[in-house]
Amino acid sequence: MQMDNQLPPKKVPGFCSFRYGLSFLVHCCNVITAAQRTCLNLTMVVMVNSTDPHGLLNTSTKKLLDNIKNPVYNWSPDIQGLILSSTFYGSIIIQVPVGYFSGIYSTKKMIGFALCLSSVLSLLIPPAAGIGVAWVIVCRAVQGVAQGIVGTAQFEIYVKWAPPLERGRLTSISTSGFLLGPFIVLLVTGVICESLGWPMVFYIFGACGCALCLLWFILFYDDPKDHPCISISEKEYITSSLVQQVCSSRQSLPIKAMLKSLPVWAIFIGAFAFFWSHIITALYTPLFINSTLHVNIKENGFLSSLPYLFGWICGILVGQLSDFFLTRNILSVIAVRKLFTAAGFLLPAIFAVCLPYLSSSFYGIVIFLILAGATGSFCLGGILINGLDIAPRYFGFIKACSTLSGMLGGLIASTLTGLILRQDPESAWFKTFVLMAAINVTGLIFYLIVAKAEIQDWAKERQHTRL
């Protein structure tokens, strides 16, 4: 009987199943939250008062109408930086609490209310800007808290919804939304600002988030056993696949055991390295394009969006490929995790280090920029879901702590890169990319040595005296 429980029943259809539909729903949530977080990066260009962009207009009425459509504020560069970073600080302080409470309280309610709050705050940013800059900072900081809840609590979903052989596919579909969101923002924000005005950017993405929030509360359930629309065969397939790792009650966090666990530290250090390279490619790609290719802002925005698009495609394909290796018994779970982690760390480092040597080749720089930004998505099939292998019942907390570690790496990377670019403009990009490669290789070596993919002893369910 015990052996039979380890073998799941006949597999139900994949993409036509409810679990894939829910993964796509989470994907849409991530697209919206990522868009709400990043759209201010571009609208800030037309929100602040620099050189008068409307100076060529002779008609004062037309200028007045355009000022009404695109209000302009006298925000200093320091204030602009504070506004842009306020979301980050709101997100970073909420990580560990969300990781803890997501395993206790309803994930449906946490994500649903957080998505609603983020969307409402997006609607409030234009009027807040008219009242005063302090209100914009408050809205962005609270929005960062809400988006941090959505980004972290969602990983608790896969503890009960993702069969072990489909974790790569389901998680890559949902988390790839974080890449598609910025791509959409970079494509449409400029058009919306020109035609409708920058406030409409926040109204559109805020309204989409509110509509999606309604769908979330209707379609999502914390446990497949409680969902009224899922088929019986799919419900049995999911629950029987997870019967050995989903406990009936929440146990206290084994903090000491986690701190002593090398596989956990492999995830934390790997997350630090992953975010280091991701933040550099995300934040400094437009600046690198501007300094090497000397294109206009419209072309820069388009080129900067391409790594997100190809990263999104790559992330979805990686999930399919990683689970293909597992279902066909080509590789073990730990081999798959290490393989895709190695690809996600080494390939961006190699392509980035080559960039300074391609200054004379326009297409070479574009191709290598795309590859450097997109190949990091290989980690979606590796280190980014490894916590679900070693401690499924504490995955939310481990994911929160690893994200916190990663945000620390991103903060240090962005600050240090700014200093390098300011002090040594001659060889700044080479030093930046070599340092990124060194961080990636160091994190990868540690991960390859100590990473595991089986449930750790401290993460197993303790014996209960019940029938």
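Residues numbered from 1 in each chain as written. Predicted model: local features only at pLDDT ≥ 70, side-chain atom pairs only at ≥ 80, totals over all residues. Heavy atoms only, no water.

Q: I tried to follow the overall build of the chain on my own but got confused; where do I start?
A: For the chain, the count of helices and strands is 19 helices and 0 strands. Considering the chain as a whole, with its 467 residues, one finds that 53% of them fall into the buried category. For the chain, the proportion of contacts with a sequence separation of at least 24, taken over those separated by at least 6, is 84%. Accessible surface, the chain as shown: approximately 21,300 Å² in total, 69% of it carbon and sulfur. (Helix = DSSP H or I, 4+ residues; strand = E, 2+ residues; numbered from the N terminus. Buried < 20%, exposed > 50% of the residue type's maximum accessible area, 1.4 Å probe, protein only. Contact = heavy atoms within 4.5 Å. Areas by Shrake-Rupley, 256 points an atom, 1.4 Å probe, with all protein chains shown as cover.)

Q: How do you make sense of the confidence of the model for the chain when you look at a structure like this?
A: Close inspection of predicted coordinates is inappropriate in any region flagged by low pLDDT. Looking at the chain as a whole, the pLDDT averages 84, with 88% of positions reaching at least 70. Across the chain, the secondary-structure element scoring lowest on mean pLDDT is helix H1 (residues 2-5), at 39, and the one scoring highest is helix H15 (residues 333-354), at 95. Confidence over residues 1-9 falls short of pLDDT 50; this stretch has 10 contacts with residues more than four positions distant or in other chains. Contacts of residues 51-62 to residues separated by more than four positions or lying in other chains number 6 contacts, the stretch itself having pLDDT below 50. (pLDDT = per-residue confidence, 0-100.)

Q: I would appreciate a short explanation of a nonpolar patch on the surface in the present structure.
A: Taken together, Leu117, Ile131, Trp135, Val138 and Val142 make up a surface patch of nonpolar side chains, about 480 Å² in accessible area. Counting only elements with at least two residues in the nonpolar patch, the list comes to helix H5 (107-131) and helix H6 (133-153). A total of 3 residues in the nonpolar patch trace back to one element, the largest contributor, which is H6. When its relative accessible area of 43% is taken as the criterion, Val138 is described as partly exposed. (Patch = residues over 30% accessible without salt bridge, like charges linked within 9 Å, V, L, I, M, F, W, Y side chains within 5 Å. Salt bridge = Lys/Arg side-chain N within 4 Å of Asp/Glu carboxyl O.)

Q: Looking at this model, I keep getting lost on the pattern of salt bridges. Mind explaining?
A: Close approach of charged atoms allows side chains of opposite charge to pair. In the structure shown here, the tally under the stated rule is 7 salt bridges. A salt bridge links Asp223 to Lys160, with the nearest nitrogen and oxygen atoms 3.8 Å apart. Of this pair, Asp223 sits in the loop between helix H10 (199-219) and helix H11 (232-241) while Lys160 is found in helix H7 (residues 157-161), placing the two residues 63 residues apart along the sequence. With a relative accessible area of 33%, Lys160 lands in the partly exposed category. For Asp389, the salt bridge goes to Arg337, with nearest N and O atoms at 2.6 Å. On the criterion of sequence distance, the pair formed by Asp389 in helix H17 (residues 386-390) and Arg337 in helix H15 is long-range, its members being 52 residues apart. Like Asp389, the residue Arg337 is buried in the burial classification. Bridged by salt links that share partners, the residues Arg19, Glu166 and Glu234 form one connected network.

Q: What is the right way to read the environment of Gly311 from this model?
A: Turning to its location among the elements, Gly311 is positioned in helix H14 (residues 297-327). Judged by relative accessible area, which is 0%, Gly311 ranks as buried. Sequence spacing of Gly311 and Ala374 is 63 residues, and the spatial spacing of their C-alpha atoms is 3.7 Å. Discounting chain neighbours no more than four positions away, the residues touching Gly311 are Leu179, Ala374 and Ser377.

Q: Would you explain the packing of helix H2 (residues 18-47) against H6 in this entry?
A: When two helices pack together, their arrangement is given by the angle between their axes and by how far apart the axes lie. Look at H2 against H6: their axes get within 11 Å of each other, and the N-to-C directions meet at 155 degrees. Between H2 and H6, the angle falls in the class roughly antiparallel. Crossing of H2 against H6: the hand is left-handed. Residues Asn30, Thr33, Gln36, Arg37 and Leu40 of H2 form the contact with H6, whose own contacting residues are Arg140, Gln143, Gln147 and Val150. (Axes fitted to C-alpha atoms, helices over the stretch in contact; angles between N-to-C directions. Parallel < 35°, antiparallel > 145°, perpendicular 65-115°, else oblique. Left-handed = near helix turned anticlockwise from the far one by under 90°.)

Q: Help me understand the nonpolar core in this model?
A: Generally speaking, soluble globular proteins have nonpolar side chains that are buried together. Among the nonpolar cores identified, the biggest contains 34 residues, and Leu115, Ile157, Trp161, Trp216 and Phe220 are the most heavily contacted of them. Within the residue set of this core, elements represented by two or more residues are H2, helix H4 (77-101), H5, H6, H7, helix H8 (167-175), H10 and H11. With 6 residues, the top contributor of residues to this core is H2. If near-sequence neighbours (up to four positions away) are discounted, Trp216 is found in contact with Leu25, Val26, Cys29, Thr107, Lys108, Ile111, Gly112 and Ile157. With 23 residues, the next largest nonpolar core counts Ile83, Ile137, Trp198 and Phe205 among its residues. (Core = buried A, V, L, I, M, F, W, Y, C linked by side-chain atoms within 4.5 Å.)

Q: What should I look at first to understand the environment of Gly396 in this one?
A: Note that Gly396 resides in helix H18 (residues 395-423). The class of Gly396 is buried, set by a relative accessible area of 0%. Taking the C-alpha atoms as reference points, Gly396 and Tyr158, separated by 238 residues in sequence, lie 9.6 Å from one another. In this structure, Gly396 is in contact with Gly99, Ser102, Thr152 and Glu156, ignoring residues within four places of it in sequence.

Q: What should I look at first to understand the side chain of Glu234 in this one?
A: With respect to the helices and strands, Glu234 occurs in helix H11. Looking at Glu234, the relative accessible area reads 4%, which means it is buried. A distance of 2.8 Å separates a polar atom in the side chain of Glu234 from the backbone nitrogen of Arg19. (Polar contact = N/O pair within 3.5 Å; in protein donor to acceptor, adjacent residues only side chain to side chain.)

Q: Can you walk me through the packing of aromatic side chains in this structure?
A: Given two aromatic rings, one states the distance between the centres and the angle between the planes to describe the pair. For the structure on display, the rule yields 22 aromatic pairs. Judged by centre distance (5.2 Å) and plane angle (80 degrees), the ring pair of Tyr100 and Phe101 falls under edge-to-face. Here the aromatic residues Tyr73, Trp75, Trp198 and Phe202 are joined through ring pairs into a cluster of three or more. One Lys or Arg, Lys108, reaches over the ring of Tyr221 and ends 4.3 Å from the middle of that ring. Against the face of Phe155 rests Lys399, its NZ or CZ located 4.6 Å from the ring centre. (Phe/Tyr/Trp six-rings, centres within 6.5 Å; stacked < 30°, edge-to-face > 60°. Lys NZ or Arg CZ within 6 Å of the ring centre and 35° of its normal.)

Q: Teacher, can you tell me more about the state of the cysteines here?
A: As used here, a disulfide is simply a covalent bond connecting the sulfur atoms of two cysteines. For the structure on display, the rule yields 0 disulfides. Looking at Cys28, it has no disulfide partner, and the nearest cysteine sulfur is the one in Cys29, 7.1 Å off. Overall, the relative accessible area of 22% leaves Cys28 in the partly exposed class. (Disulfide = S-S within 2.5 Å.)

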